[in-house]
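Listed below are the residues making up each chain.
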Amino acid sequence: MDGFQRRGTDSIALTIPGLRPGPTAIEIKDLVLHEFTFEGSPVAASKLHLKQLSEGVYEITSTAYAVGDWEFQVHDGAAGYYGLGEHYNTLNHTHEVIRNLSQDNAYSKGAGTYKPIPFYLSTTGYGLWVDTTAEAVFDMNAADRYEVNVSVPAERLRIVLFTGPEFPKILDRFTALVGRTILPPYWAFAPWVGRDYHRNDADVREDVDKTRSLGLPASVELIDSPWSTGYNSYEFNPKQFSDISGTIKYVHDNGFKLVLWHTPWINNKTKTPGEAGFADKLDVESSNYKEAAAGGYFVKNEDGTPYVGTWWKGEGSIIDFTSPTAKEWWQNQVRKVIKLGADGFKDDDAEGNFIGPVKFADGTDQRLMRNRFAVLYNNAMEELIQKDLKGNGVLFARSATVGDHNIAMLWGGDNEGNFSEEDGLPTIVTAGLGAGLSGMAMWTADLGGYFGGAEPDPVNFMRWTQVAAFSPAMEVLNTKNRGPWSYGDEALKNYRKYAVLHMSLFPYRYAAAQQAHKTGMPLMRALVLNYQDDKQARESRDEYLFGDDFLVAPVLHEGTQRSVYLPAGDWVNYWTGAQAPGGKTVVVDAPMDVLPLYVRAGAVIAKIPEDVMTLVPSEDSGNRSIKTLDERRIYELIQPFTGLAAKTIEDFEGRTLTRDAGSLKVKGKAAKVTVRWKFGKVRSVTVNGAPAKLLMDTAGPYVELSHTDESTIEWK
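About the cut-offs
Residues numbered from 1 in each chain as written. Predicted model: local features only at pLDDT ≥ 70, side-chain atom pairs only at ≥ 80, totals over all residues. Heavy atoms only, no water. Helix = DSSP H or I, 4+ residues; strand = E, 2+ residues; numbered from the N terminus. Rg over C-alpha atoms; globule rule 2.2 N^0.38 Å. Buried < 20%, exposed > 50% of the residue type's maximum accessible area, 1.4 Å probe, protein only. Contact = heavy atoms within 4.5 Å. Salt bridge = Lys/Arg side-chain N within 4 Å of Asp/Glu carboxyl O. Pairing = 2+ DSSP bridges. Axes fitted to C-alpha atoms, helices over the stretch in contact; angles between N-to-C directions. Phe/Tyr/Trp six-rings, centres within 6.5 Å; stacked < 30°, edge-to-face > 60°. Lys NZ or Arg CZ within 6 Å of the ring centre and 35° of its normal. Core = buried A, V, L, I, M, F, W, Y, C linked by side-chain atoms within 4.5 Å. Expected span 1.5 Å × (residues − 1). Parallel < 35°, antiparallel > 145°, perpendicular 65-115°, else oblique. Nonpolar A, V, L, I, M, F, W, Y, C, P; charged D, E, K, R; others polar.

Draft legend 1. Main features of the overall build of the chain. Within the chain one finds 13 helices and 45 strands. Here the C-alpha radius of gyration of the chain, 26 Å, is about what a compact globule of 716 residues would show, namely 27 Å. Seen through its C-alpha atoms, the chain measures out along the principal axes to roughly 80 × 70 × 45 Å. Going through the 716 residues of the chain one by one, you find that 62% of them count as buried. A fraction of 72% describes how many contacts in the chain between residues 6 or more apart in sequence connect residues 24 or more apart.

Draft legend 2. Region of the structure containing the pattern of salt bridges. Per the stated rule, a full pass over the model turns up 46 salt bridges. We note a salt bridge from Asp253 to Lys249, for which the minimum N-O separation is 2.7 Å. Of this pair, Asp253 and Lys249 both sit in helix α3 (residues 244-253), four residues apart, roughly one helical turn. Note that Asp362 and Arg372 form a salt bridge whose closest N and O atoms lie 3.2 Å from each other. Here Arg372 lies in helix α6 (residues 372-387) and Asp362 lies in the loop between β21 (358-359) and α6, a separation of 10 residues in the sequence.

Draft legend 3. Layout of the sheet that holds strand β29 (residues 550-552). Taken in spatial order, the six strands make up an open sheet running β27-β28-β29-β34-β31-β32, and their pairing is antiparallel. Of all strands in the sheet, those with a lone pairing partner are β27 (524-526) and β32 (579-581), marking the two edges. The mean angle between the axes of side-by-side strands here comes to 35 degrees, regardless of whether they run parallel or antiparallel. Taken together, the three bridges between strand β28 (residues 544-546) and β29 define a ladder with antiparallel strand orientation.

Draft legend 4. Main features of the packing of aromatic side chains. Counted under the stated rule, the structure contains 49 aromatic pairs. Between Tyr120 and Phe138, the aromatic rings sit 6.5 Å apart at their centres with planes inclined by 80 degrees, giving edge-to-face as the arrangement. Of the two residues, Tyr120 sits in strand β9 (residues 116-122) while Phe138 sits in strand β11 (residues 137-140), which places them 18 residues apart along the sequence. Across this residue pair, the class does not change: Tyr120 and Phe138 are buried. Here the aromatic rings of Phe162 and Phe174 are separated by 5.7 Å at their centres, their planes lie at 80 degrees, and the arrangement is edge-to-face. Residue Phe162 is found in strand β12 (residues 147-163), and its partner Phe174 is found in helix α1 (residues 167-178); the two are separated by 12 residues along the sequence. In this structure, Phe162 and Phe174 share a single accessibility class: buried. Its guanidinium or amino end placed over the ring of Tyr88, Lys109 lies 5.6 Å from that ring's centre, counting from NZ or CZ.

Draft legend 5. Spotlight on the sheet that holds strand β23 (residues 409-411). The strand order β24-β23-β22-β20-β15-β14-β13-β26-β25 describes an open sheet built from nine strands, whose pairing is parallel. The open sheet is flanked by β24 (443-444) and β25 (446-447), the only strands paired with a single partner.

Draft legend 6. Spotlight on the pairing of strand β1 (residues 4-7). Here β1 pairs with strand β2 (residues 11-14) via four bridges, running antiparallel. From the neighbouring strand, Gln5 faces β2, where its bridge partner is Ala13. Hairpin geometry of β1 and β2 is characterised by an intervening segment of three residues between the two adjacent antiparallel strands and by a positive phi of about 70 degrees at Gly8.

Draft legend 7. Quick look at the nonpolar core. Counting 158 residues, the largest nonpolar core has Trp330, Phe470 and Phe550 as its most contacted members. Once you skip the residues sitting within four places of it in the chain, Phe470 turns out to touch Leu501, Leu505, Met524, Tyr544, Phe546, Phe550, Val552, Leu595 and Leu597. Residues Phe38, Val43, Tyr120 and Phe138 belong to the second largest nonpolar core, which totals 38 residues.

Draft legend 8. Just α6, in detail. In this model, α6 (16 residues) spans 22 Å end to end at C-alpha, consistent with the 22 Å of a helix rising 1.5 Å per residue. For α6, the set of buried residues is Phe373, Ala374, Val375, Leu376, Tyr377, Asn378, Ala380, Met381, Glu382, Leu384 and Ile385. Residues of α6 that are buried sit in contact with β15 (257-262), β19 (314-318), α5 (324-340), β20 (344-347) and β22 (394-397).

Draft legend 9. Examining the environment of Val588 more closely. Structurally, Val588 is set in strand β33 (residues 584-589). It is 29 Å that separates the C-alpha atoms of Val588 and Tyr702, two residues lying 114 residues apart in sequence. When residues no more than four places from it in sequence are discounted, the contact partners of Val588 are Thr560, Gln561, Arg562, Val564, Pro596 and Tyr598.

Draft legend 10. Expanded view of the packing of helix α2 (residues 201-213) against α3. Running from N to C, α2 and α3 point in directions that differ by 5 degrees, and their axes come no closer than 10 Å. On the basis of their axis angle, the class for α2 and α3 is roughly parallel. Contact with α2, carried on its side by Asp201, Val204, Arg205, Val208 and Asp209, involves Ile244, Gly246, Thr247, Tyr250 and Val251 of α3 and no other residues of that element. In terms of residue class, the contact of α2 with α3 is made up of five nonpolar, two polar and three charged.

Rendered as structure tokens:
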């Protein structure tokens, strides 16, 4: 453990390779953790156990006699602290106090979050994780400009340090230890269609029919609340859906998968539904409430009776997932709708707001359950997806922390469909980038905002569509039940343009998801992640890298112009082909249908044809009239500024593509390949040494070939 040692009677020191001093007067040669206390009493360094877990990963632990309040300080005055979960107000948490608690805050989010992660990255060159699901507090140089102060309730204190100094290396080491993104099935990467509520079967079928008739790609139909006889009875409501079996079949037959909303609550007193026409359609007490109460499956009061709490659908009790018996009973309830054809679930309302004087079956102190409840709930659901659906399903979760942050897809909760700096479009970009810096690689938000305004706002919807196209998933859902067709012809045309682009980039996006699965690198990457020594990159929170090669600079206001910071490197405007050298800020025009978008010079962008409308295989749907993923693959070559050294990438199916200034070599799985020179000028092409026909359209010159095992394309 060279460089990791006790120093004096009260400190632990760790040597950080490549340590970067902060902008303040503080002089740091090593990272020093000190002033350890438990319940206000000093804890000597000799009581702290030190261990190196792997290269660049170091652990400090100490165990007390009971759950109590631990506190320690980190001597650091960094230029920036990043991570700590999904936060809507800022990326850099310097001089902030962050509470590690999951909370549902409608409208203005402040420093709140649905997804707290007790891990941060410091520009000094290290990462720090406190292994807890409790309500820890991180004072990031707020009280003292040279000290990070952390307090956490625990019986066993566990701190893990990660050296870098580069952020990607730190994130790699952190996610290798705590878990990386699960890869969902292909179909989850196509656009999603949903409503806040469906009144009947006809509403569901209308979503399907309009999506297909308007030429909008999609693979997922989301049925939100309500849909059951009583909340979380897991019995489809015949007063709402008169032919649910037929409707589910219709969804599947048209190349969609079905995702259902639910929560961990079962109601004993449902409030009168606010949805029009639902006042007399739901049971006041859910049909399975008494069975769960009698079986002891709920979290309990101290006297052993079921805990009854208030949530936004009325009053009810929550499943005690610390009890194996209760978890199994609940999973059997969910299995009722899996057997009917549900392909995925939207896990809602697990933010732990219930926590109080309650008891859990495994005896866990309630202070430690503040965020752990969501972990147990989400993981119980994921077990069903892996077992019953054989992995061909998806979990879409709102609340998370370390232990379930690596499930397939996370969404950003309830945001407003406007340009508000407190809860609108700008905040979801910040939140998504913060999630990625915290090890949550597959984060998205309700396209257009969950809270819809009194009237449709086509300008906001268009700009939100452009952001969503460059996120892991495009999911339309709002309180006004508006679809992409509800905002006028211009907004619909814009949606089609970007939904088609989103779908065509599926190979690129899935390869980025595979990278997240292997290294922890998120799909949406704050500039600081790759350029932590660049002051402008550290301060940027309104543009981002998407995968390795795209630079996305969305318009987050009502204007049609914005400044874009181009970090180091050579960039090409994806729409015009204009060259844009990095290391400077440019002002760009952005008409309503244009997202400022750049791509690395010399990149190879993997795509599929734009006629693909679903990623559900035809053998699943039985429908061969809807274009789905087939053997056609497109490789878009972005022209370099000058010469290009050979570079190799791997696509989502394991093919290797080696490119230099005048050739592309493709090795691997057979496919019908199109190679396109975007904005390139090509006079002649050979394929495996033989002259090939050079074709041309509005997107540039291209060549088509039947690739088998190895193909070489050369051009002049």
